Amino acid sequence: MDNKCIFCKDIFPLDYQNISDEPKYWTFVHDIKPICDFHCNVILKKEVSWKEHICDLWDEKIPDDVLSELGIVLNKSVIAIKKSSEKIKRVNIVSLNSWSKSKHLHFHLIPIFEGEDVKKINDINTDWWGLSFLSRKEIVQDTLDEFINQTCWELSSDILTSIEIATKKRVSNNVILLKKYFSI
């Protein structure tokens, strides 16, 4: 596979984010830069040996058993996420594989909590593009890091380190809960 792809590297998944690699073709992990609690990913395993990345579900190289297992893993993952917090009313499943940095087939599972609306950009009723942004994240992580660097200057390193430590701890705690509820 691709040495530049984070999902193909030997370090993936990190121990603290790994929920289950029990399925034959898919890995269920907590996102390491989550936009909310229990933001997870279902990712095609790097061991699935094709000569090139599979980035779309409609790729003819994907065997039927890989697709069949995907449905089961997504279902079990959503159940585990919903059981992890009584405040989660549903889980959106989003594939962002059309971006140039995202050539490895994976899905984001983003919980929507009670009382939370899904924000939309370019609503279909007002703009023919009909593009929907299915999460609360209005600025991407890189933009947030850049914003902190530009506004906090000499304090930015300490602030970003604190955010990273807190996020890692939160992810680790969430993974413990998710492991309790996920089974294949």
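Located above this text is the structure these notes cover.
Residues numbered from 1 in each chain as written. Predicted model: local features only at pLDDT ≥ 70, side-chain atom pairs only at ≥ 80, totals over all residues. Heavy atoms only, no water.

J.: Account for the overall build of the protein, naming residues and giving values.
T.: Broken down by element type, the protein carries three helices and five strands. Ordered by position from the N terminus, the helices and strands of the protein form the series β-β-β-α-β-β-α-α. Taken across its 184 residues, the protein has 36% of its residues classed as buried. Taking all contacts inside the protein whose residues are at least 6 apart in sequence as the whole, residues at least 24 apart take part in 57%. Carbon and sulfur atoms form 54% of the exposed surface of the protein, whose accessible area is close to 11800 Å². (Helix = DSSP H or I, 4+ residues; strand = E, 2+ residues; numbered from the N terminus. Buried < 20%, exposed > 50% of the residue type's maximum accessible area, 1.4 Å probe, protein only. Contact = heavy atoms within 4.5 Å. Areas by Shrake-Rupley, 256 points an atom, 1.4 Å probe, with all protein chains shown as cover.)

J.: Quick one: what's the story with the sheet that holds strand E5 (residues 106-113), residue by residue and with numbers?
T.: If you walk across this open sheet you meet the five strands as E1-E2-E3-E5-E4, and the pairing is antiparallel. One side of each edge strand has no neighbouring strand; the edge strands of this open sheet are strand E1 (18-20) and strand E4 (88-94). Averaged over neighbouring strand pairs, the angle between their axes works out to 25° when direction is ignored. By the bridge criterion, five bridges tie strand E2 (residues 26-30) to strand E3 (residues 40-44) in an arrangement that is antiparallel. By the bridge assignment for E3, tryptophan 26 is matched with leucine 44. Together, E2, E3, E4 and E5 form the strand contacts of helix H1 (residues 64-84), whose direction differs from that of E4 by roughly 150°. (Pairing = 2+ DSSP bridges. Axes fitted to C-alpha atoms, helices over the stretch in contact; angles between N-to-C directions.)

J.: Describe the packing of aromatic side chains, listing the residues and the values that go with them.
T.: Per the stated rule, a full pass over the model turns up three aromatic pairs. Between tryptophan 26 and phenylalanine 107 the ring centres are 6.3 Å apart and the planes differ by 50°, which places this aromatic pair in the tilted class. Note that tryptophan 26 is positioned in strand E2 and phenylalanine 107 in strand E5, a separation of 81 residues in sequence. There is no split in this pair, since tryptophan 26 and phenylalanine 107 are both buried. (Phe/Tyr/Trp six-rings, centres within 6.5 Å; stacked < 30°, edge-to-face > 60°.)

J.: Requested: an account of the nonpolar core, with residues and values cited.
T.: Core analysis: the largest hydrophobic core is formed by 31 residues, its most contacted members being Trp26, Phe28, Val42, Ile81 and Leu109. Counting only elements with at least two residues in this core, the list comes to E2, E3, H1, E4, E5 and helix H3 (156-181). With seven residues, H1 is the largest single contributor of residues to this core. Apart from residues lying up to four places away in sequence, tryptophan 26 is in contact with Ser20, Asp21, Val42, Ile43, Leu44, Lys45, Val66, Glu69, Leu70, Val73, Leu105 and Phe107. Within the second largest apolar cluster, six residues are counted, among which are Cys5, Phe7, Phe12 and Val29. (Core = buried A, V, L, I, M, F, W, Y, C linked by side-chain atoms within 4.5 Å.)

J.: Before we move on, could you go through the environment of lysine 46 and cite the residues and values that matter?
T.: Mapping lysine 46 onto the fold places it in the loop between E3 and H1. Remark: the alpha-carbon pair of lysine 46 and phenylalanine 7, spanning 39 residues in sequence, is separated by 6.8 Å. A distance of 2.8 Å separates a polar atom in the side chain of lysine 46 from the backbone oxygen of lysine 9. In terms of polar contacts, lysine 46 uses its side chain to reach the backbone carbonyl oxygen of phenylalanine 12, at 2.9 Å. (Polar contact = N/O pair within 3.5 Å; in protein donor to acceptor, adjacent residues only side chain to side chain.)

J.: Got a sec to walk through a nonpolar patch on the surface? Specific residues and values, please.
T.: There is a patch of nonpolar side chains on the surface, built from Leu57, Trp58 and Leu67 and spanning about 340 Å² of accessible area. In this fold, leucine 57 is placed in the loop between E3 and H1. (Patch = residues over 30% accessible without salt bridge, like charges linked within 9 Å, V, L, I, M, F, W, Y side chains within 5 Å. Salt bridge = Lys/Arg side-chain N within 4 Å of Asp/Glu carboxyl O.)

J.: Any chance you could break down the state of the cysteines for me, citing the residues and the numbers?
T.: For the structure shown, the criterion picks out zero disulfides. Cysteine 5 supplies the cysteine sulfur nearest to cysteine 8, a cysteine that is in no disulfide, at a spacing of 3.8 Å. We note that cysteine 36 lacks a disulfide partner, and the nearest cysteine sulfur, in cysteine 40, lies 8.9 Å from it. (Disulfide = S-S within 2.5 Å.)

J.: Could you give me a rundown of the pairing of E3, with the residues and numbers involved?
T.: Of all five residues that make up E3, five are buried, and the element is covered over most of its length. Residues of E3 alternate between two faces, with Cys40, Val42 and Leu44 on one and Asn41 and Ile43 on the opposite face, all of them buried.

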